[in-house]
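Descriptive structure summary
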Amino acid sequence: MQKRSQDALSGQVALVTGGARGIGAAIGLALAEAGATVYAADLLPCDEVVSRIVEAGGSAQGLALDVTDRPACAAAVEGIVAAQGRLDILVCNAGICPPGAVAGDWGQWDRVIDVNVNGTQNCIAAAWDHMVSRRYGRIVLVSSMAYYQGGVIVGTEYSASKGAVAAMTRHIARNGGQHGILCNAVAPGVIATEMTASFSKPDLAAIPVRRIGTAEDVAGPVRFLCGPDSSYMTGTILNVTGGIVLAA
Ligand code: NDP
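Here is a short report on the structure shown in this document. (Residues numbered from 1 in each chain as written. Predicted model: local features only at pLDDT ≥ 70, side-chain atom pairs only at ≥ 80, totals over all residues.)

1. A word on the overall build of the protein
Within the protein one finds 8 helices and 7 strands. In terms of overall dimensions, the protein is globule-like: its C-alpha atoms have a radius of gyration of 17 Å, near the 18 Å expected for 248 residues. Dimensions of the protein along its principal axes, counting C-alpha atoms only, are 45 × 40 × 35 Å. Each of the 248 residues in the protein was classed as buried or not, and the buried ones make up 46%. Counting only contacts in the protein whose residues sit at least 6 apart along the sequence, the fraction spanning at least 24 positions is 71%. (Helix = DSSP H or I, 4+ residues; strand = E, 2+ residues; numbered from the N terminus. Rg over C-alpha atoms; globule rule 2.2 N^0.38 Å. Buried ≥ 20, exposed ≤ 12 C-beta atoms within 10 Å, placed from the backbone. Contact = placed C-beta atoms within 7 Å.)

2. Digging into the site of the ligand
Lining the immediate surroundings of the ligand are 30 residues, of which Gly18, Gly22, Gly95, Thr193 and Met195 lie closest. Elements with a minimum of two residues in the shell around the ligand: α1 (22–33) and α4 (106–134). Among the elements that make up the shell around the ligand, the one with the highest residue count is α1 (3 residues). Per-class residue counts for the shell around the ligand are 15 nonpolar, 11 polar and 4 charged. (Near = placed C-beta within 6 Å. Nonpolar A, V, L, I, M, F, W, Y, C, P; charged D, E, K, R; others polar.)

3. Re the nonpolar core
Formed by 75 residues in total, the largest nonpolar core has its most connected members in Ala14, Leu31, Val38, Ala40, Leu90 and Val222. For this core, the element with the most residues is α4, which contributes 9 residues. (Core = buried A, V, L, I, M, F, W, Y, C linked by C-beta atoms within 7 Å.)

4. Topic: the packing of α1 against helix α7 (residues 215–226)
Axis separation between α1 and α7 bottoms out at 8 Å; the angle between their running directions is 50°. The pairing of α1 with α7 is recorded here as oblique in orientation. Remark: the crossing between α1 and α7 carries right-handed chirality. Contacts between α1 and α7 involve Gly22, Ile23, Ala25, Ala26, Ile27, Leu29, Ala30 and Leu31 on the former and, on the latter, Ala215, Glu216, Val218, Ala219, Gly220, Val222, Arg223 and Cys226. Each residue belonging to the contact of α1 with α7 can be placed in one class, and the counts come to 12 nonpolar, 2 polar and 2 charged. (Axes fitted to C-alpha atoms, helices over the stretch in contact; angles between N-to-C directions. Parallel < 35°, antiparallel > 145°, perpendicular 65-115°, else oblique. Left-handed = near helix turned anticlockwise from the far one by under 90°.)

5. Some details on α7
Spanning 12 residues, α7 covers 17 Å between terminal C-alpha atoms, matching the ideal 16 Å at 1.5 Å per step. For α7, the full list of buried residues reads Asp217, Val218, Ala219, Pro221, Val222, Arg223, Leu225 and Cys226. Check the buried side of α7 and you find it contacts β1 (13–17), α1, β4 (89–92), β5 (137–142), β6 (181–188) and β7 (237–240). (Expected span 1.5 Å × (residues − 1).)

6. Looking at helix α2 (residues 47–55)
Along α2, the positions that sit buried rather than exposed are Val49, Val50 and Ile53. Summarising the axial view, the buried residues of α2 lie within an arc of 100°, below the 170-degree limit, and thus occupy one face. Facing away from the buried side of α2 by more than 90 degrees, the exposed set consists of Asp47, Ser51 and Glu55. Residues of α2 that are buried in the fold lie against α1, β2 (37–42) and β3 (59–64). Immediately beyond the C-terminal end of α2, within one or two residues, lies Gly57, with a positive phi of roughly 95°. (Arc of directions from axis to C-beta.)

7. Some details on the sheet that holds β6
The 7 strands are arranged β3-β2-β1-β4-β5-β6-β7 in an open sheet whose pairing can be described as parallel. In this open sheet, the two strands that pair with only one neighbour each are β3 and β7. For this sheet, the mean inter-axis angle between neighbouring strands, taken without regard to orientation, is 15°. Relative to β3, β2 is paired through 6 bridges, and the arrangement is parallel. Looking at the pairing, Thr37 lines up with Ser59 of β3. Against the sheet, α4 contacts β1, β4, β5 and β6, and its axis sits at roughly 170° relative to β4. (Pairing = 2+ DSSP bridges.)

So, in structure tokens, the structure goes:
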């Protein structure tokens, strides 16, 4: 019988982008609960999530990082590896979702693609050689249900960016498996965070479980995708939508 404990990630080191608040903060807490040392990286200070993890007996540090800054992403990973000797888990969660239109503002198109797509790739590229050399890595990307059903409040660029993230998940999975690197994604539905606070409330009748999701609802599946129970899964995109996909 294989051991499956609460300390499934004990001794492992994780980098979570967009880790200061919302879904990223919940992911950091969930990974730390499972024993990982968590680096929460964000434009915003990560002091609050780091304090919560440390007060709960876990290990965490905050990193100031703009994921669109390619050299900074490389330096962040180098710094973690220099300090810890390893980076086991990368969760590319940082993202933006401004309200948009089908044919909206080109500046916004570029910005959303830069953060959501380029920012994701900047972090993967930064971690790749290290994970290949250790023959171990768990990469989890954060897509969105917008990748398969579009959206009405968000702009085309957001759906396009999350479609790209879904495609990247499968591409990295195909190329990473032989190196011991697994890559999966979550595709959340409507989750109550600051990102969605100003959006009009969804019709709960369209959500089979009849409630909006919480950041913790997403963090649990991400922790699963980082841990030993998903060791034969790669290229999977888990819908975390309360069943919206079934009602679409
Ligand atoms: P939040 O806006 O609450 O948190 C996102 C965090 O990412 C913020 O702290 C933000 O900082 C940070 N961030 C933004 N740009 C960068 C950057 N360039 N570099 C580093 N950090 C950055 O969003 P959520 O927690 O709701 O979303 C997290 C992820 O989940 C995103 O990828 C989002 O697209 C995805 N998602 C969310 C859904 C939802 O309903 N909430 C649904 C589906 C997917 P700052 O505030 O300074 O920009």
